[in-house]
Amino acid sequence: MTAQVVDFNQEHRASMKNGFTQLANDLLDAISSAPLTGRELQILMAVVRLTYGWKESHRRIAYRELSSATGIHEKNVGKVVRGLIDKCILELFDGALGINKTISDWDLSARKSAADKRFLGANKESYKTPLVNNERVLQDSTMESYKTPLGSHTRPQKGVIEDSPYKYINKTLNKSLNKPTGKPVCPSAERTPTTEKKSLLDRVQEKHPAAVVASRSGKAAIWGEQIDEQLANLIAEAVAVVTLDDKRPNIAMWANEIRLMRTADERTPEQIAALFRFANSDDFWRSNILSPQKLRAKWGVLAAKFNERRHTSNKLDTTAAGTVQRLNDTSW
């Protein structure tokens, strides 16, 4: 799952046919009005694309994916992601990254992250350099030792500072990724875990209460009722005797096909069972009719053969009336 990188040097016209991302208007309004930096906005939109673009609210996303989607270096991607997590705009849930849909939790009161606030401390006066002869003398071990005029700013020492302001958030983030806790990581708010995801059968039963089995074929859900599942299991057992294969088929898919035979083709369960028994007992058809899909596709030919065998023992009435009677005969 990767986002498509757009080449702005070539003409490219957007189209819904190439896919689209469904996102709540409230989130779009909040993102557009939030005081984010350019990189924060890039990363946030890339996360939205890589989650909601695939119809998921959270997903394990590698920094290289975000780097590829935005053009931002992987090291800087990590800093931006941690900053957005500090602001509760992004959240981690069992190592999966996603946008925090509770907009009221977003911390947009200041541009600085929570890590910066912890580094600076609540008492800003404690970080002022001492005043010596009307000049500020810098004594911090992580800064260069030089004098600056009163009111000017100190300059950090070149190189890596041991006690980085991001040291704490790095440890927190890595711990959450390696040891999932089942709770979203958000320093400024205690959040409850999201509700348990419904199974496919539960979602199908909301629309079709009679469904007892369900599966997925591409993007569409397929399902069947109890009688469909029973017939699918009977056919599967008979087919296993023919093929000598113990591998179970997709019963939900077979039940769905039987349901379509009942509802769309208007076949009764008795007719379906009778025609399959006929095919399964025939030396030729038993090796060809190995699924409900094949039974449905060859229904016309099998029904003709079935009726022909039924009337063979009796004298065949070749009159027009007799032909019509045979065509209308559905007692089998």
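A brief structural summary. (Residues numbered from 1 in each chain as written. Predicted model: local features only at pLDDT ≥ 70, side-chain atom pairs only at ≥ 80, totals over all residues. Heavy atoms only, no water.)

### A short note on the overall build of the chain
Assigned secondary structure in the chain consists of 13 helices and seven strands. Counting every position in the chain, which comprises 332 residues, the buried fraction comes to 34%. Of all intrachain contacts in the chain linking residues separated by at least 6 positions in sequence, the fraction that spans at least 24 positions is 54%. Entry remark: accessible area of the chain is about 21,900 Å², with carbon and sulfur atoms responsible for 51%. (Helix = DSSP H or I, 4+ residues; strand = E, 2+ residues; numbered from the N terminus. Buried < 20%, exposed > 50% of the residue type's maximum accessible area, 1.4 Å probe, protein only. Contact = heavy atoms within 4.5 Å. Areas by Shrake-Rupley, 256 points an atom, 1.4 Å probe, with all protein chains shown as cover.)

### Concerning the side chain of H58
Within the secondary structure, H58 sits in the loop between helix 2 (38–51) and helix 3 (63–70). Polar contacts involving the side chain of H58 include one to the side chain of S57, which spans 3.1 Å. In this structure the side chain of H58 is engaged in a polar contact, spanning 2.9 Å, whose partner is the side chain of E91. In contact with H58, not counting residues within four places along its chain, are T51, E91, F93, A96, L97, G98 and I99. (Polar contact = N/O pair within 3.5 Å; in protein donor to acceptor, adjacent residues only side chain to side chain.)

### Considerations on the packing of helix 8 (residues 226–243) against helix 9 (residues 251–263)
Taken N-terminus to C-terminus, the directions of helix 8 and helix 9 make an angle of 120°; their axes are 8 Å apart at the nearest point. Where helix 8 crosses over helix 9, the handedness of that crossing is right-handed. Residues I227, D228, E229, L231, A232, N233, I235, A236 and V239 of helix 8 pack against I251, W254, A255, I258, R259 and R262 of helix 9. Residues of the contact of helix 8 with helix 9, tallied by class, amount to ten nonpolar, one polar and four charged. (Axes fitted to C-alpha atoms, helices over the stretch in contact; angles between N-to-C directions. Left-handed = near helix turned anticlockwise from the far one by under 90°. Nonpolar A, V, L, I, M, F, W, Y, C, P; charged D, E, K, R; others polar.)

### Considering the packing of aromatic side chains
Counting across every chain of the model gives two aromatic pairs. Taking 5.4 Å as the distance between ring centres and 85° as the angle between the ring planes, the aromatic pair formed by F278 and F306 counts as edge-to-face. Within this pair, whereas F278 is found in helix 10 (residues 269–281), its partner F306 is found in helix 12 (residues 299–312), the two being separated by 28 residues in sequence. Its relative accessible area of 14% is what places F306 among the buried residues. With a centroid separation of 5.0 Å and an interplanar angle of 80°, the aromatic rings of F284 and W285 are classed as edge-to-face. The buried category is assigned to W285, whose relative accessible area is 12%. When the ring centre of W223 is taken as reference, the NZ or CZ atom of R259 above it lies at 4.0 Å. (Phe/Tyr/Trp six-rings, centres within 6.5 Å; stacked < 30°, edge-to-face > 60°. Lys NZ or Arg CZ within 6 Å of the ring centre and 35° of its normal.)

### Considering the packing of helix 2 against helix 4 (residues 74–86)
The relative placement of two packed helices is expressed as an angle between their axes plus a distance between the axes. Between helix 2 and helix 4, the shortest axis-to-axis distance is 10 Å and the interhelical angle comes to 85°. On the basis of their axis angle, the class for helix 2 and helix 4 is roughly perpendicular. Packed against helix 2, whose contacting residues are R39, E40, I43 and L44, the element helix 4 presents N76, V77, V80, V81 and L84 at the interface. Partitioned by chemical class, the residues of the contact of helix 2 with helix 4 number six nonpolar, one polar and two charged. (Parallel < 35°, antiparallel > 145°, perpendicular 65-115°, else oblique.)

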